[in-house]
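The lines below spell out each chain.
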Amino acid sequence: MKPKIWLSSPHMGEKELSYINEAFASNWIAPLGPHVDGFEHDLQTFLGGDVQVAALSSGTAALHLALILLGVGAGDEVICQSMTFAASANPIVYQGALPVFVDSEESTWNMSPDYLEQAIQHRIKLGKKPKAIIVVHLYGMPAQIDRIMEIARFYGIPVVEDAAEALGSSFKGQPLGTFGDIGVLSFNGNKIITTSGGGALVSANGDFIRQARFLATQALDPAPHYQHSQIGYNYRMSNVCAAIGRGQMEVLHQRIRQRRNNFLFYKDALSTISEIQLAEEPSPDYYSNHWLTTILVAESHVTREDLRTALVADNIDCRPLWKPMHLQPVYAGAPYYGGTTSEQLFANGLCLPSGSNLTEADLDRVVGQLVNVYQRQLIQTTLVKN
Ligand SMILES: *Cc1c(COP(=O)(O)O)cnc(C)c1O
C-alpha cells in the first residue's frame, strides 16, 4: 500500500514547541494565561486591528456564543447557508431556534443573495423576522459578502460570518471574518492553522468580546464566592492550545501561499481534462486562501464517484463537497429557499488533498490517478466502438 495522502493534516512550524515549553516552565498550562492574550493579539493584528478577538475552545463554541450575543432564543428563526458543515447550523438548535436554509449561488458556491432576500421577505410575510443570518465562506472562497451585508443592513438583521475555513482570505482587500457583526474562526486540526482544537469570536463591538469572554468562563459574577446571574459555558481556549496557535501565526502567511500553490498546481496539471472544473475566484475582488482545492466533475462517461473511488483505492484521502443541510435527515422539514445549485454541487463536487505539507510528488500522484480514470475510460470507449 502506498503511503496515505491526507486531505488536510496539521502542519507545525518551528516555534510551536518552544511556546509550549514556555507554558510548561511557568506552569501556565490552563486555563487562559499569557499565550491566550498573545494569540488573540496576533489574530487581531492579522485581521487589521479594527476588530477584537476572543479565543475559544472551538469554532462551534464561537458560533454558539455569537447566537447568544445576538439574542437568539427559543422559537426564533435564523437564516443559514444550506451548503456547509453541520457545525454552522447546529448552534441554532442549541438555542431552541429554527434554522431556515438558503441555497448557494454558482460563482462562489456560498449563500445566494437573491434567495436570501426571498427568504427574509417570505419569513416576514409569515409573521416572523429572522433574528440573524449565518453566511459561510466555504473552502476559503469569499461569499458575495458585500451584497449579503447590504441586504442584511436593509432589513436590519445581524450577520454571523462563519470564516472557519477562510482565515487569510479577503474580499476587496478586507479580511474575511471582519464583515459580519460577529465573525467566527476555527483552529481545528484540518484547518489552515490549528491549535489542535480551538476557535475564535471576532467583532468590532467591544461589548460582544467582553460578553463572550464572560460567558465562555462560566459567567462568573465578580464576587469572592461563586455567584452567577447568567447561564455560562466552559468555552475558553487553554494556554497550551494558544501556545500552538502563536507558533502557527508565525507561519500563517507561508501556509496561505502553500495552499494557493496547491491550487495553481492542480489548475495547471488538470487543464487538459475539460470535464474537470476547479473552483476559482470569480474576479480579482475575491482572494481565497484555497484552504481546499475543489473540483466540479462535468457529466461524461466519468462520474465524481469514479474519481473518488480511484483516489481512495490508491490510499488518497478525498471527500465529496459538503452535503447541504436541507438534505440532511436531522434537518428534514426545516424551511428551505432556493433551487438545486447546492444539490448539484454535492452530487458532482470533490475536495482534493490540499494540505500545506503535501509534496510535489504527492500532488503528482493525485493528478496521475485522476488522469488515469479518464484515459481508461477513453480506451474502453474506443474498444467498444471498434
Ligand atoms: C470547521 C468548521 C466549523 C467548526 O469549527 P470547530 O472548531 O471544528 O468547532 C464551523 N463551520 C465550518 C464551515 C467549518 O468548516
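Rules used throughout
Residues numbered from 1 in each chain as written. Predicted model: local features only at pLDDT ≥ 70, side-chain atom pairs only at ≥ 80, totals over all residues. Heavy atoms only, no water. Domains from an automatic or database assignment. Contact = heavy atoms within 4.5 Å. Buried area = accessible area lost by both parts, 1.4 Å probe. Salt bridge = Lys/Arg side-chain N within 4 Å of Asp/Glu carboxyl O. Polar contact = N/O pair within 3.5 Å; in protein donor to acceptor, adjacent residues only side chain to side chain. Core = buried A, V, L, I, M, F, W, Y, C linked by side-chain atoms within 4.5 Å. Buried < 20%, exposed > 50% of the residue type's maximum accessible area, 1.4 Å probe, protein only. Helix = DSSP H or I, 4+ residues; strand = E, 2+ residues; numbered from the N terminus. Phe/Tyr/Trp six-rings, centres within 6.5 Å; stacked < 30°, edge-to-face > 60°. Lys NZ or Arg CZ within 6 Å of the ring centre and 35° of its normal.

## Overview of the domain arrangement of the protein chain
Split into domains, the protein chain comes out as domain 1 (16-103 + 111-252) and domain 2 (253-385). The straight-line distance from the C-alpha centre of domain 1 to that of domain 2 is 28 Å. At the interface, 41 residues of domain 1 touch 36 residues of domain 2. The contact between domain 1 and domain 2 buries some 3,400 Å² in all, and 61% of this surface belongs to carbon and sulfur atoms. At the junction of domain 1 and domain 2, the tally comes to zero salt bridges. There are 28 residue pairs in polar contact (both at pLDDT 80 or more) connecting domain 1 and domain 2.

## Here we look at the nonpolar core
In terms of nonpolar packing, the biggest core is built from 58 residues, with Leu43, Ile79, Ile133, Leu167, Leu185 and Phe187 touching the most fellow members. Per-element accounting of this core gives the leading share, six residues, to helix α6 (residues 145-155). When residues of this core are sorted by domain, at least three fall in each of domain 1 (16-103 + 111-252) and domain 2 (253-385). Contact partners of Ile133, with chain neighbours within four places excluded, come to Ile79, Met111, Leu116, Ile120, Ala152, Ile157, Pro158, Val159 and Val160. Ala54, Leu56, Leu63 and Ala334 belong to the second-largest nonpolar core, a separate cluster that totals 34 residues.

## Let's talk about the packing of aromatic side chains
For the coordinates displayed, the defined rule picks out ten aromatic pairs. Pairing Phe171 with Phe179 gives two aromatic rings, centres 6.2 Å apart and planes at 70°, and the pair type is edge-to-face. For the pair formed by Phe171 and Phe179, the shared burial category is buried. Ring centres 5.0 Å apart and planes at 75° place the aromatic pair Phe171 and Tyr286 in the edge-to-face group. Of the two residues, Phe171 is situated in strand β6 (residues 170-171) and Tyr286 in strand β11 (residues 286-287); the sequence distance between them amounts to 115 residues. Of the two residues examined, Phe171 and Tyr286, each falls in the buried class. Three or more aromatic residues link up through ring pairs in this structure, and these residues are Phe85, Tyr139, Trp291 and Trp322. It is Lys4 that lies over the ring of Trp6; its NZ or CZ is 4.8 Å from the centre.

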